Amino acid sequence: MRARIYKSDKRQFECKLEESGEVVKANALGNLLKKGETLVVGDWVQLEKIEETDEFQITSLEERESEIFRIIVREQRKKVTAANCDLLIILTSVSKPKYKRGFIDRFLARASQWGIRPIVVFNKMDEFKEEFDIKFEEERLKSLGAKCFEISALQPDYQPRYLERGYSELKEEISNRTSIFLGQSGVGKSATINTLSEGKYQLKTNTIARVGKGSHTTTWSEIIDLDGFCTIDSPGIRSFSLEDVDPEELLSLFPDLEEIASHCKFSNCEHLENSKGCVFWSKYTPDSPEGELVHSRLDSFQRIYEEVSALEFWQKKY
Ligand SMILES: Nc1nc2c(ncn2[C@@H]2O[C@H](COP(=O)(O)OP(=O)(O)OP(=O)(O)O)[C@@H](O)[C@H]2O)c(=O)[nH]1
Ligand SMILES: [Zn+2]
């Protein structure tokens, strides 16, 4: 019977049966686990019931539509943490913590790498101050293919004032999908999930796994089922760092820039102000409306590029 893995902890799995919705514990056939972690939350699998023991066994794995992963650089291998995620929800705050375009661009790069559609949610709109140019950010994100929403997690009946979409549109967007919420600490991920679940779920604010605080060796990940939508909670997928991305592949995660860069005169163009024949500086001057957007992206790209190429393990190659 068909089922989806909802929780994985080393070699033990909890699976939700597609037909009955029942959640059962299951083991996996050895050959499915051979390479260490070939089964992850979100995977669709076939289960068989072992009559003698009444236990369930995972007998096969369906091909994945998308994977959330990181590259373990030293081992040259991909570590998958979740599968079949439909939507990457990038949450940001318009008050505290301060909106950081660079963070959004990092998450957008991940969305591009994982092949998952991103949307951006501006939260804490109840504390909105006019000096924040939400329309500019929206235009920028729209041109990158990300729909934007404005909400207040603390006031679900907040109506959008600046953007087309608000809370009810967000509810619709996530319905029947599996999403993952990303965003810096304190933007309101837990609060938003709680509100969207309409009381069914009560995550303590500040409980969603933190990243980058000391060692986090937690292996467990789960899908939280919230009646009509699901979210994947897993430590290790929220980091902003793109340090596992090969600097030479970074541009491919900025498809908008990659397109423009393909017109630069030299294929090894560094896209600096004095680079000869660089389209970014000849055609898209930073003070033109279109150039402002392009250069804000180039800026993010170059920051990450510098950061990543400074890492020892990437330098070894050269
Ligand atoms: N004013 C206002 N405060 C909010 C809103 N959403 C969340 N908060 C507050 O912001 C703080 C952080 O919210 P959390 O939901 O814990 O944020 P988080 O993103 O889950 O944080 P981490 O668990 O650290 O990643 C809490 O004190 C919330 O009450 C909002 O829409 N408006
Ligand atoms: Zn160039």
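Conventions used here
Residues numbered from 1 in each chain as written. Chains lettered and ligands numbered in written order. Predicted model: local features only at pLDDT ≥ 70, side-chain atom pairs only at ≥ 80, totals over all residues. Heavy atoms only, no water. Helix = DSSP H or I, 4+ residues; strand = E, 2+ residues; numbered from the N terminus. Rg over C-alpha atoms; globule rule 2.2 N^0.38 Å. Buried < 20%, exposed > 50% of the residue type's maximum accessible area, 1.4 Å probe, protein only. Contact = heavy atoms within 4.5 Å. Areas by Shrake-Rupley, 256 points an atom, 1.4 Å probe, with all protein chains shown as cover. Lys, Arg positive; Asp, Glu negative; His and termini not counted. Charge placed at Lys NZ, Arg CZ, Asp CG, Glu CD. Phe/Tyr/Trp six-rings, centres within 6.5 Å; stacked < 30°, edge-to-face > 60°. Lys NZ or Arg CZ within 6 Å of the ring centre and 35° of its normal. Domains from an automatic or database assignment. Buried area = accessible area lost by both parts, 1.4 Å probe. Salt bridge = Lys/Arg side-chain N within 4 Å of Asp/Glu carboxyl O. Donors = N, O, S within 2.8 Å, 3.2 Å for Na, K, Ca; no water. Tetrahedral: all angles 85-135°; square planar, octahedral: opposite > 155°, others 65-115°. UniProt positions renumbered as here; feature names shortened; annotations may be inferred. Polar contact = N/O pair within 3.5 Å; in protein donor to acceptor, adjacent residues only side chain to side chain.

> Could you clarify how one ought to interpret the overall build of the protein in this entry?
Counting its secondary structure elements, the protein contains ten helices and 13 strands. For 318 residues, the compact-globule estimate of 2.2 N^0.38 gives 20 Å, and the C-alpha radius of gyration of the protein, at 21 Å, lies within 12% of that figure. Within the span of the protein, comprising 318 residues, buried residues form 49% of the whole. When contacts within the protein are restricted to residue pairs at least 6 apart in sequence, long-range pairs at least 24 apart make up 63% of them. Within the structure as shown, the protein displays about 16,600 Å² of accessible surface, and the carbon and sulfur contribution to it stands at 47%. Across the protein, 46 positive and 55 negative side-chain charges occur, with their mean positions spaced 4 Å apart.

> Is there a simple way to explain the packing of aromatic side chains in this structure?
To describe a pair of aromatic rings, you give the distance between the ring centres and the angle between the ring planes. Applying the stated criterion to the full structure yields seven aromatic pairs. Between the aromatic rings of F128 and F132, the centroid separation amounts to 6.3 Å while the plane-to-plane angle is 70°, which identifies the pairing as edge-to-face. One aromatic cluster in this structure is built from Y99, F122, F128, F132 and Y162. Between the NZ or CZ atom of R2 and the centre of the ring of W44, over which it lies, the distance is 3.9 Å. Positioned above the aromatic ring of F149, the side-chain terminus of R165 is 5.9 Å from the ring centre.

> Looking at this structure, how should I read the domain arrangement of the protein?
When the parts come together, some accessible area is lost, and that loss is often what is quoted as the size of the interface. Its domain assignment divides the protein into domain 1 (2–61), domain 2 (67–233) and domain 3 (247–315). Taking the mean C-alpha position of each, domain 2 and domain 3 sit 26 Å from one another. Counting residues at the interface gives 14 residues for domain 2, matched by 14 residues for domain 3. Approximately 1,200 Å² of surface area, both sides summed, lies buried where domain 2 meets domain 3, with 64% of it carried by carbon and sulfur atoms. Residue R106 is joined to E307 by a salt bridge in which the shortest nitrogen-to-oxygen separation is 2.9 Å.

> What am I meant to see in the coordination of the zinc ion (ligand 2) here?
C264 (SG), C269 (SG), H271 (ND1) and C278 (SG) make up the full set of protein donors to the zinc ion (ligand 2), lying at 2.1 to 2.4 Å. The site at the zinc ion (ligand 2) holds four donor atoms, and with the angles between them running 102 to 118°, its shape is tetrahedral. For the zinc ion (ligand 2), the donor residues sit on a single chain with the sequence spacing C-x4-C-x1-H-x6-C. Placement of C264 in the loop between helix 7 (255–261) and helix 8 (279–282) and of C278 in the loop between helix 7 and helix 8 is noted, with a sequence separation of 14 residues between them. The same class applies to C264 as to C278, namely buried.

> Looking at this model, I keep getting lost on the UniProt feature "binding site: GTP" (unreviewed entry) in the protein. Mind explaining?
The positions that UniProt labels "binding site: GTP" (unreviewed entry) are, in the present scheme, N123, K124, M125 and D126. Position of K124 relative to the elements: it lies in the loop between strand 9 (117–123) and helix 3 (134–143). Those residues in contact with K124 that lie beyond four places of it in its chain are S93, V94, S95, K96, P97, I151, S152, G186 and V187. With respect to the helices and strands, D126 occurs in the loop between strand 9 and helix 3. By relative accessible area, D126 is classed as partly exposed at 35%. With residues up to four places along the chain from it excluded, the contact list for D126 reads S152 and Q155.

> Even after reading the chapter, I still don't get the environment of E127, so can you show me in this structure?
Mapped onto the elements of the fold, E127 is located in the loop between strand 9 and helix 3. Residue classification places E127 among the partly exposed positions, given a relative accessible area of 40%. Through-space distance from the C-alpha of E127 to that of P156 is 14 Å; in sequence the pair is 29 residues apart. Polar contacts involving the side chain of E127 include one to the side chain of S95, which spans 2.5 Å.

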